[in-house]
Amino acid sequence: EIREEREGDACYGRLFKRFGPVLRAYSSYVDNHDAASKLLRSLRTEARFQAFCESVEVDARSRGQQLESFLIMPVQRVPRYQL
């Protein structure tokens, strides 16, 4: 279905309107992002959690990014689309 919408000129606005109900989870994620970031900062003060984060950051699959970088990605994604 999405492929049909993308033929010719991309019209993301139409897609967002069509799949709006699915995007409710996104809205909830964005609304809670600040609280999640605050919680993450407080958890980073605990040695075991900090060690876990550091081990993940050096993993090649993380491409050297911190957990905070991954948490912000969905928040930054939608504003990039041309409506």
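Anyway, here's the lowdown on the structure attached to this text. (Residues numbered from 1 in each chain as written. Predicted model: local features only at pLDDT ≥ 70, side-chain atom pairs only at ≥ 80, totals over all residues. Heavy atoms only, no water.)

This part covers the overall build of the chain. Each helix and strand in the chain was counted, giving five helices and zero strands. When the helices and strands of the chain are placed in sequence order, the string is α-α-α-α-α. Among the 83 residues that make up the chain, the fraction classed as buried is 12%. If you take every contact in the chain between residues at least 6 apart in sequence, the share linking residues at least 24 apart comes to 46%. (Helix = DSSP H or I, 4+ residues; strand = E, 2+ residues; numbered from the N terminus. Buried < 20%, exposed > 50% of the residue type's maximum accessible area, 1.4 Å probe, protein only. Contact = heavy atoms within 4.5 Å.)

Time to look at the pattern of salt bridges. Scanning the entire structure with this criterion turns up three salt bridges. A salt bridge links Arg 44 to Glu 68, with the shortest nitrogen-to-oxygen separation between them at 2.9 Å. Here Arg 44 is found in the loop between helix H3 (24–43) and helix H4 (47–58), whereas its partner Glu 68 is found in helix H5 (residues 67–77), with 24 residues between them in sequence. By relative accessible area, which is 15% here, Arg 44 ends up buried. A salt bridge links Asp 59 to Arg 61; the nearest nitrogen and oxygen atoms lie 2.9 Å apart. Sharing partners across several salt bridges, the network here consists of Arg 44, Glu 57 and Glu 68. (Salt bridge = Lys/Arg side-chain N within 4 Å of Asp/Glu carboxyl O.)

Going through the model one piece at a time under the given rule, you end up with one aromatic pair. Between Phe 49 and Phe 52, the ring centres sit 6.2 Å apart and the planes meet at 40°, which makes this aromatic pair tilted. You can see Phe 49 and its partner Phe 52 sitting in helix H4, three residues apart, about one turn around the helix. (Phe/Tyr/Trp six-rings, centres within 6.5 Å; stacked < 30°, edge-to-face > 60°.)

Let us now look at H4. Note on helix geometry: an α-helix contains 3.6 residues per turn, so any two residues three or four positions apart are oriented the same way. Counted at 1.5 Å a residue, the expected span for H4 with its twelve residues is 16 Å, and the 17 Å between its end C-alpha atoms agrees. Elements in contact with the buried residues of H4: H3 and H5. (Expected span 1.5 Å × (residues − 1).)

Attention now moves to the packing of H3 against H5. Running from N to C, H3 and H5 cross one another at 160°; their axes reach a closest spacing of 9 Å. In terms of axis orientation, H3 runs roughly antiparallel to H5. Helix-helix and strand crossings are classified by hand; for H3 and H5 the assignment is left-handed. Between H3 and H5, the contacting residues are Tyr 26, Tyr 29, Val 30, His 33 and Leu 40 on the first element and Leu 67, Glu 68, Leu 71, Ile 72, Pro 74 and Val 75 on the second. For the contact of H3 with H5, the class distribution of residues is nine nonpolar, one polar and one charged. (Axes fitted to C-alpha atoms, helices over the stretch in contact; angles between N-to-C directions. Parallel < 35°, antiparallel > 145°, perpendicular 65-115°, else oblique. Left-handed = near helix turned anticlockwise from the far one by under 90°. Nonpolar A, V, L, I, M, F, W, Y, C, P; charged D, E, K, R; others polar.)

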